[in-house]
Structure formats: structure tokens, C-alpha cells
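Architecture and fold: a report
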Amino acid sequence: MASQAVEVEKKYDVGQDAEVPSLAQIPGVTRVGEPHVDTLEAVYFDTQSHTLASRDITLRRRTGGVDAGWHLKLPAQGPGSDEGSGDAAGGSGSEPRRRRELHAPLGQPGVVPDSLLAHVLAYLRGEDAAPVVRLKTHRTAYALYGEDGVHLADLADDHVSAELLGAAGAAGGAGGAGGAGAAVGEAAAPEGEARTRQWREWELELVHGSPELFPAAEEILAAAGALPAKHGSKLAKVLALPAGESGAAAGPKSPGPKSPGPKGPVSDLLTEYLAGQISEILADDPGVRLEEPEAVHDLRSATRRARSALAAYRRLYSPVAGRRLRDELKWLGSVLGSPRDAEVMLARLLGHTAELPPGLASAVKGRLDDELGNRLNTASRKLQKALLSERYFRLLDDLEAFRDHPPVRSEGAAPARKAAVKLVAKAAKRLERAARTAKRTRRGAEHETALHQVRKDAKRLRHVAESVEPVHGQHATKIAKAARRQQQILGDFHDSVVARDLLANLAAAPDLPEAVASAYVTLHTRQVQLAAEAEAEYWKERKKSRKVLRGKVL
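Keep in mind that what you see is a predicted model, and the values were worked out from it rather than measured.

1. Focus: the nonpolar core
Core analysis: the largest hydrophobic core is formed by 86 residues, its most contacted members being Leu-116, Tyr-313 and Leu-461. The biggest single contributor to this core is helix α12 (residues 416-440), with eleven residues. For Tyr-313, the contacting residues outside a window of four places in its chain are Val-266, Leu-269, Leu-270, Leu-423, Ser-467 and Val-468. Within the second largest apolar cluster, 21 residues are counted, among which are Ile-26, Leu-206, Ala-217 and Leu-221.

Structure (C-alpha cells):
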């Protein structure tokens, strides 16, 4: 497993002849440690088009220093978000840059550790990450201490030599590395050696100190000639140089949708909501690959939200693009659903075996583990294969393309606040019709199917209400919560029905010991009881939420 921390730092461009100031003059600093010198060599990995760097992600293998090993740096709020991290160039004014940093042991030079690779596969999308830049850094570090000997921060004085590798180096030879316009502290490479460049920078990084240290240090560092760095990382500084190249300074692929306003187009509501679900999908993807608890559930939920919202807003967009996305999200939801359903069912039934006599409970647990455990393992293998498929990567591309260039029809230009009322009302009426149908149906499979449809329609209303919260605030939140309660209750009902049918099949197996068969019947009876209780609870909840979900709604 990779270790993880949040890096909070600010970079400064400085001249080659600048002198490190008296750091003890920084307010809050009471002592400065002896300078510690290291020679660091790092090789950065990316695609030829700098896919990772364009999303503010850096992947490197570094030797030398106390933290030698593989390092993966991600935006603190997830790729594509600069919230809480200053600007794209490492901080605006006194604002520091925040990044999530994962470490893994050195391992093999050209083999990215699986624990880090899992975090970038959803961005690489089938492309290989190869060496693109080599950095050699002569670092002199100064530890800054506060009262009671607290290690507040480190100031690193870095003299950097960078070399472009592979295709990036070849491209750099024709253009700007070391060319005109070198920033403070940079040394232009000799003509014909544009693959390399040198510069000097300072880096102030928190250890146990607070962000207030950055503005406190600003005046002292500025007086010594330091200017806020124009790039957020050493890699970005190198890759941004060649004119016309897809450098890292471009930042994330998309600046993100603008916040919807009441009078803005209703299409903005879906764009923002879909952007949130895409970010969630990308954030949850590594956890599923690494088999972390609840990761499958979280990724499945984001997938369902995206599909549900696309269905509710479908008349506002080109039908072909929207239908394809919904179909592919349905596929992904199905692939995610198989292991999740097996996992939930296994946990549910194993929990209920506690009601059985100890000896019998042990025998039943073993059989349930064999039956559902095998299902879970098979479904999990299929899921891992799907997450490496071209189909999944194409879906991610299509989702981002829809977000960045939505195929909006003229109806999508309607004022958001007014159009949102109609969208929520339509979803609420759909839910009401489904509930009435369920009430009319007879007991048995038809009735259970009707209640399952109520659950799906409650889920759609919930997601639509969530999407209009930017223009309807607490009213929309109240509707979403009411729909969520119905969805959860009927989810318990559905789980009981599925468990009941599974236990009936298990009890009917040939050559089953009589005691085990009896135990299955006991568990079966319990699921029938739980299903009846959940249904009764649903009808009570429906009655309670009628005022919220009927009539004009918003």
C-alpha cells in the first residue's frame, strides 16, 4: 500500500545570485536548523501528450534525500479542481498550493508500482506512461522551528537542471527550452541543447505549521528577490516551455462548468450536476481497483446519478449522444452491481445467521460463503477486467466531452429556475403513478416488481431534485431527502425479497442435511417478515411525505 499525505507548499522564482535571507526574522519562527544538503534525481512519467500533467498530476521516481521512492501528486480536491490550492501556478499572492501526495518504495526504475498506477489508469485510458523529464536538483534545506521546538516548515533552496526525454525532448530541440523570455533564476541552454535548462527556485513547505506562515514569510522572501513562481511544479515549468506544445501549464482539461443561476439556461443545471458525478467517478475509480471498502458502492452511486440525470434532462439534448451515454452508464452500473449485490447479500445473511444455534450457524455460514463468495469473486474479476477495457475508457472520454461541449437543443436555453420546476414536477408525478400502480397490483411477483419500479422512480426524483438545488435551495433539498427515504426503505424491501428467493433455492438443493435445510427455512421466514415490515414502513413514509412530493412540489 502507498503512504499518503497532503502537501502544502508555495514556490518562488529567484535569481541565481540571490542570498537566502535570515529566516529567523519570519514572524512565528524562533529558530532555524543547520542547512542540510541533498542531491536529488527524479524521472517523471507521463504520456507523449502529457495527459497527467494537463490534469495537474505528477508521477515520478526519485533517488536521493530522505523520501526516495515513487511519488504521485494529485490535486487535493481531485484532478480538475483547483479549489483550496491557490491558482494553477502554485498560489495566488500568499495562498499556498495544496496537493495530495502518495509514496511507494523505489522498486524497479521503469515499473510504476501498482498502488500508484491504480490512481492514474482512469486518466491514462490505455496509454502508457513513459519517462518524459529528468530533473537533477541540488537542494539546501532549512528547517524552521517555532515555540516549544515545533517543526513548522522547511525552506528548500533548489538549483535545478532539467532534461526533456523521448518525444518531448525531440520537440523541445526545435523550439523554446532555454529560449527567449527566461524567467527569474533561469539559465538559457546553449544553442542546439534546447533539451535541457537550468533554474533556481525556493520552496516553502509546511510540516506542522499553519498556513498563516506563508503570508508571514512573504515580506522576508520578497525582500531577498523572490517572486511567486509562474508554474505550480518543476515538471510544469519544463513542459510549458516549447511553444505550441501541450504543456502542463494548461492546467486541467476543463475549467469546470459555471455555477447555474436562476435566469441562466436550464442546461447549466445538468452540466454542473454531471460534472460532479464525473469527478466522483474518477475519484472512486482507484478505490475499486485497489478493492477498498465501499468503493464499488460509491462508484455505482455516481454512475446511477449521472444516468438518472441524463434521462430526466434528455429532451434538452441531442437524443443520439444522450442515449449512448445512458446505455453505456447502464452497462457500467450492471458491471458494478454484480459484485456489490453479492457483497451486500453475503453480509446481510451472515448477520442473520447469528439468530441460529452456534453449531448450525457455522455450517450455514460455510455454505453461504461458498455460494455468495464465489459469486462475489467472479463478479469482482469481471469488474476489474471491465475497468481496463477500451469501452470503459471511451465512456469516460464521452462523459467529459458531453460536459465540456454539451449538445444542447434550443429547449436547453429556457430559464433554469422556471424549467427546473417542470422537471421536478414531472419526476414527482412519475413517482406518484408508480406508487398507485403498486397499490393496485396483487401480492406476489407482480406487486414486488411494481414496488421496485417505485424505488427506481424515487431515485430519479431524488437525483433531479439534487440537480436543481443551485436554483431552488432548501426546497429542492427537502424533496431530495423525502425521495431518498422512500428509496432506502424500498431498497431494504428489495434486498429481503432477493434474499428470500436465494434461501428458497438453497433449501431446495438435493442431499441437503435436514438441520441445514431447516436453518435455511428459518432464515427464509425471517426475510419474508423483514420484507413485510419494510413495505409497511414505505406506505407510512409515503403518507408522511405527500405534502412535499405532491401538487406543485416546488
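2. Here we look at the confidence of the model for the chain
Here the chain shows a mean pLDDT of 88. Residues at 70 or above account for 88%. Across the chain, helix α3 (residues 121-124) holds the top mean pLDDT of 98, while strand β9 (residues 186-187) sits lowest at 53. Note on residues 171-182: pLDDT under 50 across the span, and 15 contacts to partners over four residues away in sequence or across chains. Here residues 241-252 is modelled with pLDDT under 50, and outside its nearest four sequence neighbours on either side it reaches 23 contacts, counting other chains as well.

3. Quick look at the layout of surface pockets
By volume, the largest pocket amounts to about 1,600 Å³. If you trace the largest pocket, you find 46 residues lining it, with Arg-300, Arg-304, Arg-455, Lys-456 and Lys-459 closest to the centre. Elements represented by at least two residues in the lining of the largest pocket include exactly α8 (295-312), α9 (319-352), α10 (358-386), α13 (445-467) and α14 (469-507). Here the element with the most residues in the lining of the largest pocket is α9; it accounts for 14 residues.

4. A short note on the side chain of Glu-432
Mapped onto the elements of the fold, Glu-432 is located in helix α12. When neighbours within four sequence positions are excluded, Glu-432 is seen to be in contact with Arg-542, Arg-546 and Arg-550.

5. Structural notes on the packing of α9 against helix α15 (residues 514-544)
In the contact formed by α9 and α15, the axes pass within 11 Å of each other and the chain directions differ by 110°. Compared by their axis directions, α9 and α15 come out roughly perpendicular. For the crossing formed where α9 meets α15, the hand is right-handed. For the pair formed by α9 and α15, the contact residues are Arg-348, Leu-349 and His-352 on the first element and Leu-523, Gln-527 and Leu-530 on the second.

6. Focus: the packing of aromatic side chains
Think of a pair of aromatic rings as described by two things: how far the centres are apart, and how the planes are tilted against each other in angle. Scanning all chains against the criterion turns up four aromatic pairs. Consider the rings of Tyr-317 and Phe-402, whose centres lie 5.1 Å apart with planes at 45°: the pair is tilted. Of this pair, Tyr-317 sits in the loop between α8 and α9 while Phe-402 sits in helix α11 (residues 390-404), placing them 85 residues apart in sequence. Like Tyr-317, the residue Phe-402 is buried in the burial classification. Ring centres 5.9 Å apart and planes at 45° place the aromatic pair Tyr-392 and Phe-393 in the tilted group. Assessed through its relative accessible area of 0%, Tyr-392 is described here as buried.

7. Let's talk about helix α5 (residues 213-223)
Taken together, the buried positions of α5 are Leu-213, Phe-214, Ala-217, Glu-218, Ile-220 and Leu-221. Downstream of α5 by a residue or two, Gly-225 has a phi angle that is positive, lying close to 100°.

8. Digging into empty space enclosed by the protein
Per the stated rule, a full pass over the model turns up four cavities of 30 Å³ or more. Put simply, the largest cavity is a space of about 70 Å³. For the lining of the largest cavity, the secondary-structure elements that each account for two or more residues are α12, α15 and α16 (546-549). Its residues assigned to classes, the lining of the largest cavity comprises five nonpolar, two polar and four charged.

9. A word on the pattern of salt bridges
Scanning the model with the defined rule gives 38 salt bridges in all. For the salt bridge of Arg-391 with Glu-328, the shortest nitrogen-to-oxygen distance reads 2.8 Å. With a gap of 63 residues between them, Arg-391 in helix α11 and Glu-328 in helix α9 connect regions that are remote in the sequence. A salt bridge links Glu-432 to Arg-542, with the nearest nitrogen and oxygen atoms 2.7 Å apart. Of the two residues, Glu-432 sits in helix α12 while Arg-542 sits in helix α15, which places them 110 residues apart along the sequence. For Glu-432, a relative accessible area of 14% corresponds to the buried category. Here Arg-542 falls in the buried class, since its relative accessible area comes to 8%. A single salt-bridge network, built from bridges that share partners, covers Glu-9, Lys-11, Arg-139, Asp-158, Glu-201, Glu-203 and Lys-234.

About the thresholds
Throughout this document, residue positions are counted from 1 along each chain, in the order its sequence is written. Restriction of local features to residues with pLDDT of at least 70 applies here, the model being predicted, together with a cutoff of 80 or more for giving and counting side-chain atom pairs; totals for whole chains, interfaces and linings are based on all residues. With hydrogens and water excluded, all non-hydrogen atoms of the structure serve as input to the side-chain values. What is meant by a nonpolar core is a set of buried Ala, Val, Leu, Ile, Met, Phe, Trp, Tyr and Cys residues, joined one to another through side-chain atoms within 4.5 Å. Categorising residues by exposure relies on relative accessible area from a 1.4 Å probe, with only protein chains included: less than 20% of the type maximum marks a residue as buried, more than 50% marks it as exposed, and the intermediate range marks it as partly exposed. Going along the chain from the N terminus, every DSSP run of H or I of four or more residues is numbered as a helix, and every run of E of two or more is numbered as a strand. In this description, contact between two residues means that some pair of their heavy atoms is separated by no more than 4.5 Å. For every residue, the predictor states its confidence as a pLDDT score lying anywhere from 0 to 100. Note on definitions: the grid is 1 Å and covers protein atoms alone; a cavity is a set of points where a 1.4 Å probe fits but cannot get out; a pocket is an open set with protein on both sides within 12 Å along at least five of seven lines; lining residues have an atom within 4 Å of a point. Grid points are joined across faces, edges and corners, and a volume is the space filled by probe spheres set on the points. Axes here mean lines fitted to C-alpha atoms, for a helix over just the part in contact, with angles spanning 0 to 180 degrees between N-to-C directions. In what follows, roughly perpendicular refers to angles from 65 to 115 degrees, roughly parallel to angles under 35, roughly antiparallel to angles over 145, and oblique to any angle outside these ranges. Here a crossing is taken to be left-handed if its near helix is turned anticlockwise relative to the far helix by less than a right angle, and right-handed if that turn runs clockwise. Note on ring pairs: Phe, Tyr and Trp rings are taken, using the six-membered ring of Trp, and paired if centres are within 6.5 Å. Classes follow the plane angle, with under 30 degrees stacked, over 60 edge-to-face and the rest tilted. We call Asp, Glu, Lys and Arg charged. Ala, Val, Leu, Ile, Met, Phe, Trp, Tyr, Cys and Pro are nonpolar, and the rest, Gly among them, are polar. A side-chain nitrogen of Lys or Arg and a carboxyl oxygen of Asp or Glu constitute a salt bridge if their distance falls within 4 Å.

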